[in-house]
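# Fold and contact review
Spelled out from the first residue to the last, the chains are:
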Amino acid sequence: MSVKKKPLVVVTRKLPDSIETRMRELFDARLNLDDTPLTKEQIADAVRSADILVPTVTDEITEELLKQPDCRLKLIANFGNGVDNIDVMAAHARGITVTNTPKVLTEDTADMTMALILAVPRRLIEGASILTEGKNWPGWSPTWMLGHRIGGKRLGIIGMGRIGQAVARRARAFGLQIHYHNRRPVAPRIAEELGATYWESLDQMLARMDIISVNCPHTPATFHLLSARRLKLIRKDAYIVNTARGEVIDEETLTKLIETGEIAGAGLDVFEHEPAVSPKLVRLAKAGKVTLLPHMGSATIEGRVEMGEKVIINIRTFLDNHKPPDRVLPSML
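This section reports on the structure supplied with the text. (Residues numbered from 1 in each chain as written. Predicted model: local features only at pLDDT ≥ 70, side-chain atom pairs only at ≥ 80, totals over all residues. Heavy atoms only, no water.)

## Structural notes on a nonpolar patch on the surface
Taken together, the side chains of Leu 131, Trp 137 and Trp 144 present a nonpolar region at the surface, about 350 Å² in accessible area. Here Leu 131 shows up in helix 6 (residues 124–132). (Patch = residues over 30% accessible without salt bridge, like charges linked within 9 Å, V, L, I, M, F, W, Y side chains within 5 Å. Areas by Shrake-Rupley, 256 points an atom, 1.4 Å probe, with all protein chains shown as cover. Salt bridge = Lys/Arg side-chain N within 4 Å of Asp/Glu carboxyl O. Helix = DSSP H or I, 4+ residues; strand = E, 2+ residues; numbered from the N terminus.)

The structure is reproduced here in structure tokens:
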């Protein structure tokens, strides 16, 4: 009796051990045990040899890769919620199914967003460095290391999807007034629950907020959504927090405006040219003007395992000739 051949699944990065073990059990899984990012040539080879590719948000799956005449991919099961790293249109045109891992990292990302909303106005990182970097701490003083309270301030959320709403719930508990800009208003019951004010005009919202949180996906429509022109609308005493994608903000202009005191500061977990981080931003961080984190907003053990489980479910459903639960279509972007 012949044994059915397992599909070849190429995984581009190191995943949690439990997920990799399960993949080895179910598939002919080619793993990346040392977690070294694949080169463009290695990804091209994977596209030619694998039935299923499991990339991450740092792997660019372009039309050029997918249009190779010997491309044999049938499924791209992205290990991540955002799919801006994949040319979904090109994949769809070639009959390649694309899936992602939504609804897993909402709470983790919202937690980190709230942490930055607290850290930047209250100067938490700057204060901690006094004790950990050998600086002189003269003791408590009524006028030393003063920040700003966040209770009563206006928070403007850009992108009121799952993560934006989760941020709003946390922020409301801290006494922030919730405002948001979205492609369309949220359902009335959600707006009422959150006490949220909708702004159709992003420009008008930006000019009136104390803290701005970027929680929208990166798409062609949101590239530099916070452009140089829009960044200049923001008040001098306002702060920006970004845990979404670096490309949503014109990072060079943001840096200049913080340097010149035209924006009070920022908390950034993502950067426009990751993994490169602007030396100017690093200098601003050392000066206490910005808080920088290395794209760790969703970095929890629980979250990564749940992402892997979704990837496996999507693959198994696809192999059973059913529509994967997390299929991504061009019309959804």
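## Considerations on the pairing of strand 10 (residues 239–242)
Across the two faces of strand 10 the burial is the same, with Tyr 239 and Val 241 and Ile 240 and Asn 242 all buried. Bridge count between strand 9 (residues 211–214) and strand 10: four bridges; the pairing is parallel. Residue pairing across strands places Ile 212 opposite Ile 240, the latter belonging to strand 10. For strand 10 and strand 11 (residues 265–268), the ladder comprises four bridges, and the chain directions are parallel. Across the sheet, the residue bridging to Asn 242 is Leu 268, located in strand 11. Handedness of the crossover is the feature at issue here: the chain leaves strand 10, passes through helix 11 (residues 251–259), returns alongside strand 11, and the resulting connection is right-handed. (Buried < 20%, exposed > 50% of the residue type's maximum accessible area, 1.4 Å probe, protein only. Pairing = 2+ DSSP bridges. Right-handed = clockwise from strand over helix to strand, strands pointing away.)

## Things to note about the sheet that holds strand 4 (residues 75–77)
Across the sheet, five strands lie side by side as 2-1-3-4-5; this open sheet has parallel pairing. Each edge of the open sheet carries a strand with a single partner, namely strand 2 (28–30) and strand 5 (97–99). Between one strand and the next, the sheet's axes are offset by a mean angle of 15°, whatever the strand orientation. Of the strand pairs in this sheet, strand 1 (residues 8–11) and strand 3 (residues 52–54) are connected by three bridges, and their pairing is parallel. Opposite Val 10, over in strand 3, you have Leu 53 as the bridge partner. (Axes fitted to C-alpha atoms, helices over the stretch in contact; angles between N-to-C directions.)

## Some points on unusual backbone geometry
Here the bond from Glu 274 into Pro 275 is cis, since omega is 0°, no more than 30 degrees from zero. Look at His 295: it is not a glycine, yet its phi comes out positive at around 45°. Relative to the helices and strands, His 295 resides in the loop between strand 12 (290–292) and helix 13 (301–319). Residue His 295 is classed as partly exposed on the basis of its relative accessible area, which comes to 27%. One non-glycine residue, Asn 321, lies in positive phi territory at about 65°. Of note, Asn 321 is situated in the segment after helix 13.

## Some words on the pattern of salt bridges
A complete count under the given rule lists 23 salt bridges for this structure. Here Lys 135 and Glu 133 are joined by a salt bridge, their closest N and O atoms 3.7 Å apart. Between Lys 310 and Asp 326 there is a salt bridge; the shortest N-O distance is 3.5 Å. Of this pair, Lys 310 sits in helix 13 while Asp 326 sits in the segment after helix 13; the two residues are 16 residues apart in sequence, bridging distant segments of the chain. A single network of salt bridges, built from pairs that share partners, joins Arg 30, Asp 45, Arg 48 and Asp 70.

None of this, on its own, says anything about what the molecule does.
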